Amino acid sequence: MKDAETRGGDPTTPAKTTTLSKLGLGGTLYRGSWGQWSWLLHRITGAAVFIFLLLHILDVATIRISPGAFNAVMGIYRHPVMGLGEAVLVAAVVLHALNGVRIIIVDAWSQGAKYHKHLLVGVVVVFLILMAGFLPVHLGNTFGWR
Amino acid sequence: MEITVKVRRVPEQEGASRSVVGAESSGEMAGAAQPRTGKARTSTAPGYWQTYHMEAKPTDRILDVLMALKSEQDGTLTFRRSCGHGICGSDAIRINGKNRLACKTLVKDLGPGRAITLEPLKGLPVVKDLVVDMEPFLAAYRSVLPYLIADTSTTPTTERLQSPQEHARFEKTTKCILCAACTTSCPVLWTNPDYTGPMAMVNAHRFVFDSRDVAAEERFAALSDGEGVWRCRTTFNCTEACPRDIPITEVIGELKRAMIAQAL
Amino acid sequence: MIPRRDPAKRAVVVPQRAELTSWVIMRVTGALLIVLVGGHLAINLMTGHGVHSVDFAFVSGKWASPFWQVWDLLLLLAGLGHGANGMRTVINDYVRGDRARLTWKLVMGVVVAILVALGSLVIFTHDPCPHGAPADLLPSFCG
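Conventions used here
Residues numbered from 1 in each chain as written. Chains lettered and ligands numbered in written order. Predicted model: local features only at pLDDT ≥ 70, side-chain atom pairs only at ≥ 80, totals over all residues. Heavy atoms only, no water. Helix = DSSP H or I, 4+ residues; strand = E, 2+ residues; numbered from the N terminus. Buried < 20%, exposed > 50% of the residue type's maximum accessible area, 1.4 Å probe, protein only. Contact = heavy atoms within 4.5 Å. Buried area = accessible area lost by both parts, 1.4 Å probe. Salt bridge = Lys/Arg side-chain N within 4 Å of Asp/Glu carboxyl O. Polar contact = N/O pair within 3.5 Å; in protein donor to acceptor, adjacent residues only side chain to side chain. Nonpolar A, V, L, I, M, F, W, Y, C, P; charged D, E, K, R; others polar. pLDDT = per-residue confidence, 0-100. Domains from an automatic or database assignment. Patch = residues over 30% accessible without salt bridge, like charges linked within 9 Å, V, L, I, M, F, W, Y side chains within 5 Å. Areas by Shrake-Rupley, 256 points an atom, 1.4 Å probe, with all protein chains shown as cover. Disulfide = S-S within 2.5 Å. Axes fitted to C-alpha atoms, helices over the stretch in contact; angles between N-to-C directions. Parallel < 35°, antiparallel > 145°, perpendicular 65-115°, else oblique. Left-handed = near helix turned anticlockwise from the far one by under 90°. Arc of directions from axis to C-beta.

**Digging into the overall build of chain A**
Argument step 1. Helices and strands together make up the secondary structure of chain A, namely 5 helices and 1 strand.
Argument step 2. The secondary structure elements of chain A, listed N-terminal to C-terminal, are β-α-α-α-α-α.
Argument step 3. Relative to its 146 residues, chain A shows a buried fraction of 42%.
Argument step 4. Relative to all contacts within chain A whose residues are 6 or more apart in sequence, the contacts with residues 24 or more apart total 56%.

Here it is, written out as structure tokens:
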């Protein structure tokens, strides 16, 4: 019994271009596991923090203009929205750092690859602990609770 | 039970215009191949999804499903297969998004009620439907000198003895069946077709750590260039994909540590 | 298909051990940055009123001590080095075309070089008591 449906047009029509395919990530998603997603997160947090770093060096460099100019720039950081942005930034830095330690352990310890998922759990746990220590202080400063 | 199978159909590609699923491909269907250094390409691999419905038992293998589809519904459906029991590595394909051997994956492994999605391996040029061009994969394999290079400076007077401990050192990497599941699961390969890849590294390990072999340095040289082990991002997709349970990321790590020790 | 490239035809010739060196540098700078960034965040965000306390006087007070000047210099170099090398890999992965890749990497290299120079200058030629500045913005030791 022949029962076949064709979807997506005839074979001579190429699929449309997507940004993902331009990045070499086209086609369907590969259903990798924790290792794949931790790598992707490591890359995203790294790129994001790097972009921030470029801007941060520039904003600190305004200290050369005058004390008033520098303080004005720092004033921008005190805005509550920036405070929340800083929280996200610190989260990205901490995650990238902890996963980086995990990668070093996987590389250096002969049993590292075997226990990489356990190490990932450790990364998440330490991340939550550190953020639990940081957020109350930082958000307190941001919203004037302290 | 009734199952739904979605298969990625790709019309037959001639050599030069073969496109790679999951990476960019030549914009012109019949145009010349564009090397990695060429202009940006404009489309994903040509093809379409074809949906089939059929009866299958939970203990049927995906290979059985494919064979039934080909013989009963659509004779044009194209895929590779040989031994049918997990030793030749011919039928590695992407099943529900993950690289697996079709002959070792049962219908019941894929969760009830879901459509079964079958696609060719990612990162290698597609020849037709589920068949990919293995040549780039095998070229990487050849680059690591995957054969025993023993000391032939003197005529041996006894056998080349190897203790069980010495054998255990590399035993796990003797299991490779060259199915390409590992290499085509690697995100590094998807964006860098020149990446040597996990399979080549596994087979390099098999000889580097073989006590009878003397050519470790030559293999290290092949693995230490810009597309070698240092590109490995410890993503672990290879370890998960390997149907022979070779701990590939661990093996690559052993290679890295040996290469650092040698470099110092 | 995308054929394997002949290494002899690379746009730029790189030494054999370049990738290994890069791999090691990422881990060394990464480990260093855990201390440098951790300390930076702790001192700036977790003491006093956090970022609200960071002003001209605060930074001048820190940079009066060579300890913080060297710390911040190391932070600058390790941070930019680690980040730029990481971005080099990302550019290699996602930018197609030899010339485009080289351009992106060159631009990034130039930007990073400028920021290293600028940052070093800012740290080591800092004047904590500039003429004509309102006294209440200056550190207490300006007297």
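**Things to note about the interface of chain A and chain C**
Argument step 1. Each partner contributes to the interface: chain A provides 38 residues, whereas chain C provides 42 residues.
Argument step 2. Counting the surface chain A buries against chain C, the share from its top three residues, A:Arg43, A:Phe50 and A:Arg78, is 18%.
Argument step 3. Where chain A packs against chain C, one counts 2 salt bridges.
Argument step 4. The salt bridge partner of C:Arg27 is A:Asp107, with a shortest N-O separation of 2.8 Å.
Argument step 5. At the junction of chain A with chain C, the criterion picks out 10 residue pairs in polar contact (both at pLDDT 80 or more).
Argument step 6. Of all the secondary-structure elements, those providing two or more residues to the side of chain A that touches chain C are α2 (34–61), α3 (67–77), α4 (80–108) and α5 (116–143) of chain A.
Argument step 7. Top contributing element to the side of chain A that touches chain C by residue count: α2(A), with 11 residues.
Argument step 8. In the side of chain A that touches chain C, the residues fall into 24 nonpolar, 7 polar and 7 charged.

**Looking at the confidence of the model for chain B**
All names here are of chain B.
Argument step 1. Looking at chain B as a whole, the pLDDT averages 88, with 88% of positions reaching at least 70.
Argument step 2. Confidence over residues 23–44 falls short of pLDDT 50; this stretch has 68 contacts with residues more than four positions distant or in other chains.
Argument step 3. Overall fold confidence (pTM) sits at 0.87, and the ipTM for the predicted complex is 0.88.

**Structural notes on the domain arrangement of chain B**
All names here are of chain B.
Argument step 1. Segmentation of chain B into domains returns domain 1 (2–132) and domain 2 (135–154 + 162–263).
Argument step 2. With 14 residues of domain 1 at the interface, the matching set in domain 2 holds 19 residues.
Argument step 3. At the boundary of domain 1 and domain 2, one finds 0 salt bridges.
Argument step 4. For the side of domain 1 that touches domain 2, the residue count by class is 8 nonpolar, 4 polar and 2 charged.

**Notes on a nonpolar patch on the surface**
Argument step 1. Together, A:Val101, A:Ile105, A:Trp109, A:Tyr115, C:Ile34 and C:Val35 give the surface a local cluster of nonpolar side chains, amounting to about 480 Å² of exposed area.
Argument step 2. Secondary-structure elements contributing two or more residues to the nonpolar patch are α4 of chain A together with α1 (18–45) of chain C.
Argument step 3. Among the structural elements, A:Ile105 can be located in helix α4.

**Section: the state of the cysteines**
Argument step 1. The tally for this structure, following the rule as stated, stands at 1 disulfide over all chains.
Argument step 2. Across the disulfide from C:Cys129 sits C:Cys142; the S-S distance is 1.9 Å. Between C:Cys129 and C:Cys142 the disulfide shows an S-S torsion of about -90°. By sign, it is left-handed. With C:Cys129 in the segment after α4 (98–124) and C:Cys142 in the segment after α4, this residue pair connects regions lying 13 residues apart in the sequence.
Argument step 3. Look at C:Cys129 and you get partly exposed, because its relative accessible area is 32%.
Argument step 4. Under the relative-accessibility criterion, C:Cys142 is labelled partly exposed at 22%.
Argument step 5. Free cysteine B:Cys186: the closest other cysteine sulfur is in B:Cys238, separated by 6.6 Å.

**Regarding the packing of α4(A) against α5(A)**
The description of two helices packed together rests on the angle between their axes and the distance between the axes.
All names here are of chain A.
Argument step 1. Direction vectors running N to C along α4 and α5 enclose 155°, while the axes themselves pass 9 Å from each other. Judged by the angle between their axes, α4 and α5 are roughly antiparallel. In terms of crossing hand, the pair formed by α4 and α5 is right-handed.
Argument step 2. Among the residues forming the contact of α4 with α5, the class breakdown is 21 nonpolar, 5 polar and 2 charged.

**Considering α3(A)**
Argument step 1. When we look at burial in α3(A), the residues that qualify are A:Pro67, A:Phe70, A:Asn71, A:Val73, A:Met74 and A:Tyr77. Down the axis, α3(A) shows its buried residues gathered within 160° of arc, on one side only.
Argument step 2. Against the buried residues of α3(A) lie α2 and α4 of chain A together with α2 (56–63) of chain C.

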